[in-house]
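Chains, contacts and geometry: an overview
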Amino acid sequence: MLVAGVLFGCMGVFVKLGAEFFSSAELVFYRSLFGLLIISLIIKSQGMSAATPHWKAHLWRGLSGFAALMLFFYSITRLPLATAVTLNYTAPLFLAFLSVLILKERPHLPLLLAILLGFAGVVLLLRPTLHQEQLVAGLMGLASGFLAAIAYLNVKQLGQLGEPEWRIVFYFTLICTFGGGIWMGVHAFHPVSPRNFLLLLGLGTTATLAQLAMTRAYREGDTLVVGSLAYSTVVFASLWGILLWQEILSLTSWLGIVLIILSGVLASRVVPRLPAV
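Here goes a summary of the coordinates provided. (Residues numbered from 1 in each chain as written. Predicted model: local features only at pLDDT ≥ 70, side-chain atom pairs only at ≥ 80, totals over all residues. Heavy atoms only, no water.)

**Points about the nonpolar core**
Membership of the largest hydrophobic core comes to 56 residues, with the highest contact counts inside it found for M1, F8, M11, L27, F73 and V85. It is helix α9 (residues 194–220) that contributes the most residues to this core, eight residues altogether. Once residues within four sequence positions are removed from consideration, F8 is found in contact with Y89, A207, A210, Q211, M214 and T233. (Core = buried A, V, L, I, M, F, W, Y, C linked by side-chain atoms within 4.5 Å. Buried < 20%, exposed > 50% of the residue type's maximum accessible area, 1.4 Å probe, protein only. Helix = DSSP H or I, 4+ residues; strand = E, 2+ residues; numbered from the N terminus. Contact = heavy atoms within 4.5 Å.)

**Some words on the environment of F236**
By the element assignment, F236 lies in helix α11 (residues 232–245). You can call F236 partly exposed: its relative accessible area is 23%. Linking F236 and G9, residues 227 residues apart in sequence, is a C-alpha distance of 5.5 Å. If we ignore the near neighbours within four places in the chain, the residues touching F236 are L2, G5 and V6.

**Points about the environment of V85**
With respect to the secondary-structure elements, V85 resides in helix α4 (residues 81–88). For V85, a relative accessible area of 3% translates into the label buried. Considering only alpha carbons, one finds V85 and L142, 57 residues apart in sequence, at a separation of 9.7 Å. Discounting residues that sit within four places of it in the chain, V85 has contacts with F72, T233, V234 and A237.

This is the structure we're talking about:
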């Protein structure tokens, strides 16, 4: 999970660097295309079949995940890297809330405490940007966390239907590739030069390897330990932001990040774990 944290942090760096040359839709397209090629090769080499009778469930999971990814990448291009990553990592907080609203789980003290801590953290993190142009990007980053929680619920339903993780990842990357390609064609297309191709290669490689490392971590490790270590991405993203862009956050922002991390760790102990996809 620590390896995945490093790689996800690096992915954020490539997104931020790539924003100079490409739109968010293009970055989502190229990131997804790399993942689609790799998972397709794995399916073919193992002689597995991507055919499924549950295409509607895959479609909903893919669309919610695609929307979350689009908003996440957009927020990375507009916000300090640590802020954007932390707002996306509010997914466990929203998952705790949705587990009460949709899954009808009884609200209890640890669950309510997780939600309150996370809400306080979000308020503190967004407060410094309430009167600046970054507010819209901040709200989009928060929305990416909410949509990611929806996607996680969809994955849980697919798991209950007996769908394996590799098939869920295949359809997710397929939908994101097509969605990003269509959005890119309608909005804007920028040519790929030898220089910025390296950025896209780094983006696709780090994202795919991070996904594989995270999957291995959840499969082999203790769920609570792995879920807690997932927040190492915030730490690595913070270090990259300071080193590359001198993104020095205020004390209030750091307090907000800490509260969100604490709420996420607590939420991971009282709701079903986030799926490793």
